[in-house]
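# Residue-level structural notes
Chain residues, written in single-letter form:
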Amino acid sequence: MPSPWVDLEATPVAPDQPSRRRGHRRPDVGLTLVAAVDYSAEIRDLRTTVDSIQQVSDLDRLRAEIAELEKASGAPDLWDDPEAAQKVTSRLSHLTAELERVERVGQRVDDLEVLVELAQAEDDAETLAEADAELQALKKTVSELEVRTLLNGEMDEREALVTVRAEAGGVDAADFAEMLLRMYLRWAERHGYGTEVLDTSYAEEAGLKSATFAVHAPYAYGTLQVEQGTHRLVRISPFDNQGRRQTSFAGVEVLPVTESTDHVDIPESEIKVDVFRSSGPGGQSVNTTDSAVRMTHLPTGIVVSMQNEKSQIQNRAAALKVLQSRLLQVRKAEERAALDALKGEGSSWGNQMRSYVLHPYQMVKDLRTEHEVGNTAAVFDGDIDGFLEAGIRWKRSQDRAHA
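Residues numbered from 1 in each chain as written. Predicted model: local features only at pLDDT ≥ 70, side-chain atom pairs only at ≥ 80, totals over all residues. Heavy atoms only, no water.

## Observations regarding the sheet that holds strand β7 (residues 292–297)
Cut-off, in case you're wondering: Any two strands with at least two DSSP bridges between them are considered paired. Secondary structure elements are taken from DSSP: a helix is a run of H or I of four residues or more, a strand is a run of E of two residues or more, and numbering for both begins at the N terminus. Every angle, taken between N-to-C directions, lies between 0 and 180 degrees, and every axis is a line fitted to C-alpha atoms, over only the stretch in contact when it is a helix.
The sheet built from three strands is open, its strands ordered β6-β7-β8 with antiparallel pairing. What marks the edges here is a single partner per strand, and that holds for β6 (271–276) and β8 (302–306). On average, each strand axis in the sheet is tilted by 15° relative to the strand beside it, whichever way the strands run.

In structure tokens form, the structure reads like this:
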């Protein structure tokens with residue numbers, strides 16, 4: 001019996017026959033291509049991973065917490081404390097979306113199995129192609145959910161404070177720092193995460209000396225902490241009139257937002273506060289009052305500056321919040337260093353970690369995970385999920401090795 005699969009590229013075409021290369025039998029080719037996929041094995045692997053994700057996510061706990069938050073959100077005095085109310089409604093929204101996402105992915109696996117059975121039973125190439133597209137989309141969704149289950153550190157669930165600083169490289173480094181700031185803000189925008197730029201210090205010629213912003217989303221710290229370290233840019237400098245290649249560096253610091261349970265008490269005697277006039281590109285309330293605040297923690301020498309708010313009181317509160325986060329991180333680092341000393345090992349994953357090469361070729365490559373992307377424009381426009389996922393998996397493996 002002749003095979004039902006027809007290889008149109010190999011079938012000879014007589015000169016007096018219409019060319020079948022432009023005919024209407026391409027669906028057979030599509031079916032031939034996707035028929036090689038072992039859908040039973042693929043669906044079985046997906047279902048195993050989804051079951052594991054649902055176990056780790058503890059859906060019963062999620063439902064119970066959602067019920068408590070719904071009760072709290074209905075309290076008549078909820079908005080007497082706007083900050084607390086915002087936390088309640090934000091967490092309720094996040095947990096509800098998370099529960100729906102995990103439950104929905106299990107249903108999608110079931111639907112995919114039915115779709116594949118229908119396509120194979122009827123030899124329907126179009127339906128099988130649709131199933132193949134859904135399979136690829138499901139793999140991506142399940143991979144993202146699997147990475148989320150790896151964020152089980154003590155502070156991974158926190159919101160994040162991110163600081164980008166220009167390092168070696170002069171004006172190119174300042175420009176690179178501004179490029180990274182935009183990259184992270186675009187990443188947050190793509191995911192619908194709220195951001196708040198707390199401080200920007202502009203360089204004289206172009207770019208930024210430094211900038212600090214908050215990402216208001218659950219697990220923002222756990223997700224973005226793998227970005228901490230030194231980033232390197234190689235390109236033809238737009239600021240060099242001789243068009244020479246320039247290497248520049250920018251540093252990224254990621255901190256968890258402190259909460260009331262962290263007990264980071266800072267005595268007034270340990271803080272030195274200086275006020276100065278805001279600097280920036282101009283506009284109302286800029287360079288008109290001494291509203292900017294520089295806060296120095298005397299025992300550690302940590303300095304925090306804030307100038308984006310209009311009043312000195314607001315800038316002082318924002319600076320204190322960032323200082324508390326940095327002191328909390330110092331405390332955790334000291335504890336980790338003491339543990340590493342006992343083990344005889346060090347933790348150095350936060351050093352130079354990614355290269356962005358724009359000349360003589362285009363490539364963004366993570367030096368720890370080996371994950372690389374050739375579309376540099378997409379990366380600088382916030383398409384960094386692949387780097388984040390690879391980084392989270394890498395960090396998890398490092399933590400296990402040092403455990």
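## Re the side chain of Asp366
Our working definition: For every residue, the accessible area (1.4 Å probe, protein chains only) is compared with the maximum for its type, and the residue is labelled buried under 20%, exposed over 50%, or partly exposed between those bounds. N or O atoms within 3.5 Å of each other form a polar contact, as long as, within protein, one can give a hydrogen and the other can take it, and as long as residues adjacent in sequence are counted only when both atoms are side-chain atoms. Residues count as neighbours in contact if any of their non-hydrogen atoms are within 4.5 Å of one another.
Examined against the element boundaries, Asp366 turns out to sit in strand β10 (residues 363–366). You can call Asp366 buried: its relative accessible area is 0%. One polar contact links Asp366 to Arg368, side chain to side chain, over a distance of 2.8 Å. Beyond its immediate sequence surroundings of up to four residues, Asp366 is in contact with Met353, Arg354, His371 and Phe387.

## Some details on helix α3 (residues 59–73)
Think of an α-helix as 3.6 residues a turn; residues three or four steps apart then line up on the same face. Heads up, the rule is: In this scheme, a helix's expected span is set at 1.5 Å multiplied by one less than its residue total. The arc in question is the one spanned by the directions pointing from the helix axis to the C-beta atoms.
With 15 residues, α3 extends 21 Å between its outermost C-alpha atoms, agreeing within 8% with the 21 Å of an ideal straight helix rising 1.5 Å per residue. Buried residues of α3: Leu59, Leu62, Glu65, Ile66 and Leu69, and no others. Buried residues of α3 fall within an arc of 120° about the axis and therefore sit on the same side. Projecting away from the buried face of α3 at angles above 90 degrees are the exposed residues Asp60, Glu68 and Lys71. Lining the buried residues of α3 we find α2 (39–57) and α4 (82–122).

## Re the packing of aromatic side chains
Note the following rule: For Phe, Tyr and Trp, where Trp contributes only its six-membered ring, two rings pair if their centres lie within 6.5 Å, and the inter-plane angle classes them as stacked under 30 degrees, edge-to-face over 60, or tilted in between. Lysine NZ or arginine CZ positioned within 6 Å of the ring centre and within 35 degrees of the ring normal marks a charge as sitting over the ring.
Within this structure, the stated rule accounts for four aromatic pairs. Relative to Tyr356, the ring of Phe176 lies with its centre 5.5 Å away and its plane at 70°, an arrangement referred to as edge-to-face. With Phe176 in helix α6 (residues 170–191) and Tyr356 in strand β9 (residues 352–357), the pair connects residues that are 180 residues apart, well separated along the chain. Note on accessibility: Phe176 and Tyr356 belong to one class, buried. Here the basic side chain of Arg294 rests over the ring of Phe276, its NZ or CZ set 4.4 Å away from the ring centre.

## Observations concerning the pattern of salt bridges
Where we set the bar: Criterion for a salt bridge: a side-chain nitrogen of Lys or Arg within 4 Å of a carboxyl oxygen of Asp or Glu.
The tally for this structure, following the rule as stated, stands at 29 salt bridges. Where Arg47 meets Asp110, a salt bridge forms, and the shortest distance between an N and an O atom there is 2.6 Å. Linking Arg47 in helix α2 with Asp110 in helix α4, this pair joins segments that are 63 residues apart in sequence. Each of the salt bridges in this network shares a partner with another, and the network as a whole consists of Arg182, Arg186, Glu189, Arg190 and Asp381.

## Overview of the packing of helix α5 (residues 125–149) against helix α10 (residues 385–402)
Selection criterion: Convention used here: angles under 35 degrees read as roughly parallel, angles over 145 as roughly antiparallel, angles from 65 to 115 as roughly perpendicular, and any remaining angle as oblique. Note on convention: the crossing is left-handed when the near helix lies turned anticlockwise from the far helix by less than a right angle, right-handed when the turn is clockwise. Amino acids outside the nonpolar list (Ala, Val, Leu, Ile, Met, Phe, Trp, Tyr, Cys, Pro) and the charged list (Asp, Glu, Lys, Arg) are all regarded as polar, and Gly is one of them.
For the pair α5 and α10, the least separation of the axes is 10 Å and the interaxial angle reads 40°. Looking at the two axes, α5 sits oblique to α10. Read as a crossing pair, α5 and α10 show a hand that is left-handed. Only Glu389, Ile392 and Arg393 of α10 make contact with α5, whose side of the interface consists of Ser143, Glu144, Glu146 and Val147. Looking at the contact of α5 with α10, its residues break down into two nonpolar, one polar and four charged.

## Description of the packing of α4 against α5
Across the interface, α4 lies against α5 with an axial gap of 10 Å and an inter-helix angle of 150°. In terms of orientation, α4 lies roughly antiparallel with respect to α5. Of the two possible hands of crossing, α4 and α5 adopt the one that is left-handed. Its residues assigned to classes, the contact of α4 with α5 shows 14 nonpolar, four polar and seven charged.

## Comments concerning the sheet that holds β9
One open sheet accounts for eight strands, arranged β2-β3-β1-β5-β4-β9-β10-β11; its pairing is mixed. What marks the edges here is a single partner per strand, and that holds for β2 (194–202) and β11 (372–373). Both strand β4 (residues 229–236) and strand β5 (residues 245–256) contribute to a ladder of eight bridges, which runs antiparallel. Across the sheet, the residue bridging to His231 is Ala250, located in β5. Its contacts with the sheet place α6 against β1 (160–166), β2, β3 (208–216), β4, β5 and β9, and it is angled at close to 45° to β5. Against the sheet, α10 contacts β9, β10 and β11, and its axis sits at roughly 15° relative to β10.

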